[in-house]
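Survey of secondary and tertiary structure
In case you want the letters, here they are:
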Amino acid sequence: MIDDKAQKVKREYEYLRGIRQEVDVIRQEIADYVIPSREDLYYGGENQRSKRKGTHIYDGTAVSAMMLAADGLHGNMISPAMKWFLMKLPQKFKFLEKETEVRMWQQEYIEAIYSELNNSNFYAEMRILLRDGLSVCPGTIYAEEDFSRNRIYFKALHPKDGYFSENYCGAVDTMIRIEKLTARQAVQKFGIDSLSERIQYAYENHPNSIFEFLHSVTPRENYNSRKIDNINKPYESLWIEKSGNKIVRESGFDLFPYMVWKYAESSQHPYGESPATFALPEIKRLNIISKGIAGAAALSVEPPYNVPAEMMGKVRLGQHGMNYYGSDFNRRVYRIEQPSSFPVALDREEKIRQMIKEFYNVDFF
């Protein structure tokens, strides 16, 4: 039996995926040069896990600038070591803050939120979100209840997994993302009776087999606000087995559970811009120059040699290598001298480094 809701979600997934493809080409370049841990954004796959990271990078200025900016924002805005937010009543209720009971309630409310955040993985995941938002953009984090540990669970999404759209105000209100779970994890999350026979079989025989699920959260058009069950919430939540059309969980949220952070908005697409987007030409130019300087430096340290053919296998080119000649002093081993003047390239390299740091406000942090 084909579920109409599942079919609708899959059609919307394919549509949003097509919109993002053009954006991913640029995001992939940014990942290659700025955040190697996200190199599998566009052309990656399961075999990408074993691939060496950072092979495109010959100068780490952009990487260090991005991480310094992310750590600076984290430490100055949402550090667990400081009180970084307060709760204020709306202007029309300001007069109530004069009441002692109201102020005490505000303080208890704030302390309860801080306690929940400290009991969760919020701060660790926010560090990942900031790095994504300052590089491939945007950074996205998902919040749900972890009933097994009685806490809120946060997860920073890999940028390749989330596809979203905005409402007329420019706020993200629709998200479809891919979640990979082993058969054992799927049973823990959804219960064995909710899953297809294929996953049930895998759970019994190959519990670490990986399966893909789609999580769709969209505004619910028709619901009864007087009811408090999960089906009558402002946002509809559907979990679907990606390989089939089976809905494994249907519920809802009072608030949109995905928080999407963009460094800057873009007029061309909903995925936003980051400092790396603006600095990408300089980042690529710096890597070209650094690659050339590295090659020239290696050539000066280990230059090529002209060696007489009859001396093949008899030449010592290591440190303190001694090569003995016969009476013919013209038959000699000598190094091929290369020009080793790097001042212009080094000066240009340093100027571009400074430009990249300015994009990330490194001097401020």
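Here the residue numbers are simple positions, counted from 1 along each chain's written sequence. Only residues with pLDDT of 70 or above have their local features reported here, since the model is predicted, and side-chain atom pairs are shown and tallied only from 80 upward, although totals for entire chains, interfaces and linings are computed over all residues. Note that the side-chain values use all heavy atoms of the structure and ignore hydrogens as well as water.

Concerning unusual backbone geometry
How we decide: Each helix corresponds to a stretch of at least 4 residues labelled H or I by DSSP, and each strand to a stretch of at least 2 residues labelled E; elements are numbered beginning at the N terminus.
Residue cysteine 137 is joined to proline 138 through a cis peptide bond whose omega torsion reads 0°. Structurally, proline 138 can be placed in the loop between helix 4 (122-133) and strand 1 (139-146). Phi is positive for cysteine 137, close to 55°, though the residue is something other than glycine. Relative to the helices and strands, cysteine 137 resides in the loop between helix 4 and strand 1. Here the phi dihedral of asparagine 150 falls at roughly 55°; this positive angle occurs in a residue that is not glycine.

With respect to the sheet that holds strand 5 (residues 210-219)
Rules: Criterion used throughout: strands pair if DSSP finds at least two bridges between them. Only the stretch in contact is used when fitting a helix axis, every axis being a line fitted to C-alpha atoms; angles between N-to-C directions are given from 0 to 180 degrees. Two residues form a contact once any of their heavy atoms are found within 4.5 Å.
Across the sheet, which stays open at both edges, the 5 strands sit in the order 3-4-5-6-7 with antiparallel pairing between neighbours. Looking at strand neighbours, the two that pair on one side only are strand 3 (162-166) and strand 7 (247-253), the edges of this open sheet. Averaged over all adjacent pairs, the angle separating strand axes in this sheet is 15°, with direction ignored. Sheet topology note: the strand 5/strand 6 (residues 235-241) ladder contains 7 bridges and is antiparallel. The residue of strand 6 that forms the bridge with phenylalanine 213 is glutamate 241. Against the sheet, helix 1 (residues 4-34) contacts strand 3, strand 4 (172-182), strand 5, strand 6 and strand 7, and its axis sits at roughly 90° relative to strand 3.

Overview of the environment of glutamine 7
In this structure, glutamine 7 sits in helix 1. Spatially, the C-alpha atom of glutamine 7 lies 9.8 Å from that of isoleucine 240, the residues being 233 residues apart in sequence.

Here's the deal with the layout of surface pockets
Under the convention used in this document: Two kinds of site are reported from a 1 Å grid over the protein atoms alone, namely cavities, where a 1.4 Å probe fits but cannot get out, and pockets, open sets with protein on both sides within 12 Å along at least five of seven lines, and residues are called lining when an atom falls within 4 Å of a point. Grid points are joined across faces, edges and corners, and a volume is the space filled by probe spheres set on the points. Residues are sorted three ways: Asp, Glu, Lys and Arg are charged, Ala, Val, Leu, Ile, Met, Phe, Trp, Tyr, Cys and Pro are nonpolar, and all the rest, Gly among them, are polar.
Taken as a whole, the largest pocket holds about 1,700 Å³ of empty space. Lining the largest pocket are 50 residues, with Tyr142, Ala143, Glu144, Tyr153 and Lys189 positioned closest to its centre. At the level of secondary structure, the elements contributing two or more residues to the lining of the largest pocket comprise helix 3 (100-118), strand 1, strand 2 (151-156), strand 4, helix 5 (183-190), strand 6 and strand 7. With 6 residues, the single largest contributor to the lining of the largest pocket is strand 2. Across the lining of the largest pocket, the residue classes break down as 21 nonpolar, 10 polar and 19 charged.

A short note on the packing of aromatic side chains
Two descriptors summarise a pair of aromatic rings, namely the distance from one centre to the other and the angle between the planes of the rings. Selection rule: Pairs were defined over the aromatic rings of Phe, Tyr and Trp, the Trp ring being its six-membered one, requiring ring centres within 6.5 Å. Orientation was assigned from the angle between planes: stacked under 30 degrees, edge-to-face over 60, tilted for the rest. Think of it in three bands: with a 1.4 Å probe and only protein chains considered, a residue is buried below 20% of the maximum accessible area for its type, exposed above 50%, and partly exposed in between.
Within this structure, the stated rule accounts for 14 aromatic pairs. On the basis of an interplanar angle of 80° and a centroid distance of 5.2 Å, the ring pair of phenylalanine 122 and tyrosine 123 is categorised as edge-to-face. We classify phenylalanine 122 as buried; its relative accessible area is 10%. Its relative accessible area of 11% is what places tyrosine 123 among the buried residues. Summarising the aromatic geometry, the rings of phenylalanine 122 and phenylalanine 154 are spaced 5.2 Å apart at their centres and angled 65° between planes, so their arrangement reads as edge-to-face. Pair noted here: phenylalanine 122 is in helix 4 and phenylalanine 154 is in strand 2, with a separation of 32 residues, a long-range link. The pair formed by phenylalanine 122 and phenylalanine 154 is uniform in burial state, with each residue classed as buried. Among the aromatic residues, those joined into a ring-pair cluster are Trp84, Phe85, Tyr114, Phe122, Tyr123 and Phe154.

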